[in-house]
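So you can see what is in the structure, the chains are spelled out below.
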Amino acid sequence: MIITLTTDFGLSDPFVGIMKGVILSIAPEAQVVDICHEVRSYDIIEGAFLIDSTFKYFPEGTIHVVVVDPGVGSVRRPIAAQAHGHVFVAPDNGVLSAVYEPASQVHHITNRSLFLDSVSQTFHGRDIFSPVAAHMSKGIPIDSAGPRILDFLKKPLPKPRPKGDRLVGTVLRIDKFGNIITNLRLRDLAAEFTIHVAGLPITRLYSSFSDAEPGEFFAIEGSAGFIELALDQGSAADKLNVGRGTEIEVESGLLNH
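Remember, predicted model here, so these are calculated numbers, not experimental data.

## So, the overall build of the protein
And then number 1: Looking only at helices and strands, one finds four helices and 15 strands in the protein.
And then number 2: Whereas a compact globule of 257 residues would reach a radius of gyration of roughly 18 Å, the protein reaches 20 Å, a difference of no more than 12%.
And then number 3: Here the C-alpha coordinates of the protein stretch approximately 60 × 35 × 30 Å along the principal axes.
And then number 4: Buried residues in the protein amount to 53% of all 257 residues.
And then number 5: The long-range share in the protein, meaning contacts at least 24 apart out of those at least 6 apart in sequence, stands at 66%.
And then number 6: Looking at the protein as shown, the accessible area adds up to about 12100 Å², and 51% of this sits on carbon and sulfur atoms.

## Some points on the pattern of salt bridges
And then number 1: Taken as a whole, this structure holds twelve salt bridges when the rule is applied.
And then number 2: As a salt-bridge pair, R76 and D69 come within 2.6 Å of each other at their nearest N and O atoms.
And then number 3: Here D69 falls in the buried class, since its relative accessible area comes to 10%.
And then number 4: Three or more residues are tied together by salt bridges with common partners; here these are K163, R166, E249 and E251.

## Overview of the side chain of S104
And then number 1: Here S104 is to be found in the loop between β5 (86–91) and β6 (105–108).
And then number 2: Within the structure, S104 has its side chain in polar contact with the backbone nitrogen of E101 (distance 2.7 Å).

## Notes on the pairing of strand β4 (residues 78–83)
And then number 1: Summarising burial for β4: five of the six residues are buried, a large majority.
And then number 2: Of the strand pairs in this sheet, β4 and β5 are connected by six bridges, and their pairing is antiparallel. In the strand pairing of β5, Q82 is matched with V87.
And then number 3: What sits between the antiparallel neighbours β4 and β5 is a turn of two residues, in which H84 has the positive phi angle 55 degrees.
And then number 4: Pairing of β4 with β6 involves four bridges; the strand directions are antiparallel. In the sheet register, A80 faces β6, and the bridge partner there is H107.

## Things to note about the packing of aromatic side chains
And then number 1: Under the defined criterion, the tally for this structure stands at eight aromatic pairs.
And then number 2: Here F49 and F226 contribute two aromatic rings whose centre-to-centre distance is 5.7 Å and whose plane-to-plane angle is 65 degrees, an arrangement assigned as edge-to-face. Of this pair, F49 sits in helix α2 (residues 44–54) while F226 sits in the loop between β13 (217–221) and β14 (227–231); the two residues are 177 residues apart in sequence, bridging distant segments of the chain. The same class applies to F49 as to F226, namely buried.
And then number 3: Measuring from ring centre to ring centre gives 5.4 Å for F55 and F88, while their planes differ by 80 degrees; the resulting arrangement is edge-to-face. Of this pair, F55 sits in the loop between α2 and β3 (63–67) while F88 sits in strand β5, and the two are 33 residues apart along the sequence. F88 matches F55 in its accessibility class, with the two residues each being buried.
And then number 4: Chaining the aromatic ring pairs together yields one cluster made of F9, F15 and F123.
And then number 5: Sitting over the face of the ring of F226, R185 holds its NZ or CZ atom 3.8 Å from the ring centroid.

## Observations regarding the sheet that holds strand β1 (residues 2–7)
And then number 1: Within the open sheet, the six strands sit side by side as β2-β1-β3-β5-β4-β6. Their pairing is mixed. Only two strands of the sheet have a single neighbouring strand rather than two, namely β2 (31–36) and β6. Mean inter-strand twist for the sheet, computed between neighbouring axes without regard to direction, equals 20 degrees.
And then number 2: Across the face of the sheet, helix α1 (residues 15–26) comes into contact with β1, β2 and β3 while running at roughly 155 degrees to β1.

Rules used throughout
- Chains are numbered independently. Their residues run from 1 in the order of the written sequence.
- In keeping with the model being predicted, local features are shown solely for residues with a pLDDT of at least 70 and side-chain atom pairs are shown and tallied solely at 80 or more, while totals for entire chains, interfaces and linings include all residues.
- Hydrogens and water are ignored here; the side-chain numbers use all heavy atoms of the structure.
- Helix numbering and strand numbering both begin at the N terminus, where a helix is a DSSP run of H or I of at least 4 residues and a strand a DSSP run of E of at least 2.
- This radius of gyration counts C-alpha atoms alone. The globule rule is 2.2 Å times how many residues there are, raised to the power 0.38.
- Three exposure classes are used, based on accessible area relative to the maximum for each residue type with a 1.4 Å probe and protein chains only: buried under 20%, partly exposed in between, and exposed over 50%.
- Here, residues are in contact when the closest pair of their heavy atoms is within 4.5 Å.
- Only the protein chains shown count as cover for residues, with accessible areas throughout obtained via the Shrake-Rupley method and a probe of 1.4 Å.
- One side-chain nitrogen of Lys or Arg within 4 Å of one carboxyl oxygen of Asp or Glu is enough to make a salt bridge.
- In the analysis that follows, any N or O atom pair within 3.5 Å is treated as a polar contact, provided that within protein one partner can donate a hydrogen and the other can accept it, and provided that, for residues neighboring in sequence, both atoms belong to side chains.
- We call two strands paired when DSSP finds no fewer than two bridges between them.
- Pairing of aromatic rings covers Phe, Tyr and the six-membered ring of Trp, with a centre-to-centre limit of 6.5 Å; geometry is then stacked below 30 degrees between planes, edge-to-face above 60, and tilted otherwise.
- Note on geometry: a ring has a charge over it if NZ (lysine) or CZ (arginine) is within 6 Å of the ring centre and within 35 degrees of the ring normal.
- For helices, the axis comes from a line fit to the C-alpha atoms of the stretch in contact; other axes are also lines fit to C-alpha atoms, and the angle between any two N-to-C directions lies between 0 and 180 degrees.

Structure follows, in structure tokens:
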């Protein structure tokens, strides 16, 4: 059974390694796969974007542990959700919003026999989420985790919105190369468009990074299906001082809205 891990823990501390140790102590046959541990600290939207962009490339039945948890130790609930043939174990803070479907089953994790013996107030990734995922990988059904709930928290990914004759989008993520991943889709761009970001107009849409000239800013459809803003052989985000949540505007991009 495959268990994936997505967190904002980084790799300079032992937290991720400890979670793996807990999983393998309970389910030594599990395959543990790292998706990403560099989610921006406390950024639930980025965590939601990443798990939605990646879970579909794993076999059905995979268990995904997603820990971006600014409310750890508070009254927020730990949950286990079943959607699209996958299982997700996470805090009920909206980090699973993008993977929910109408047929989703979501359970409040209350079965303490699935936890570690001692549960801290600050490391539920170790004490709750990892052991629950490990037990489920051994065949424990999701409804054994606790009662089904219908009032789980949803924070959908932001959508572009009209503003006069423009369309306002937002930055979902900055990748390792400094590419600016937006919430725009190809359908949001007319045949001729101008994307305004940090005072810079971008008018070129290329099908590959190699189409750009050295030092040129351009738009491209990324692998997750969103429009990305890039700088040939450089970091667009650093050059423009753009981060997650920065707003961008599109002219002539309202034809399909």
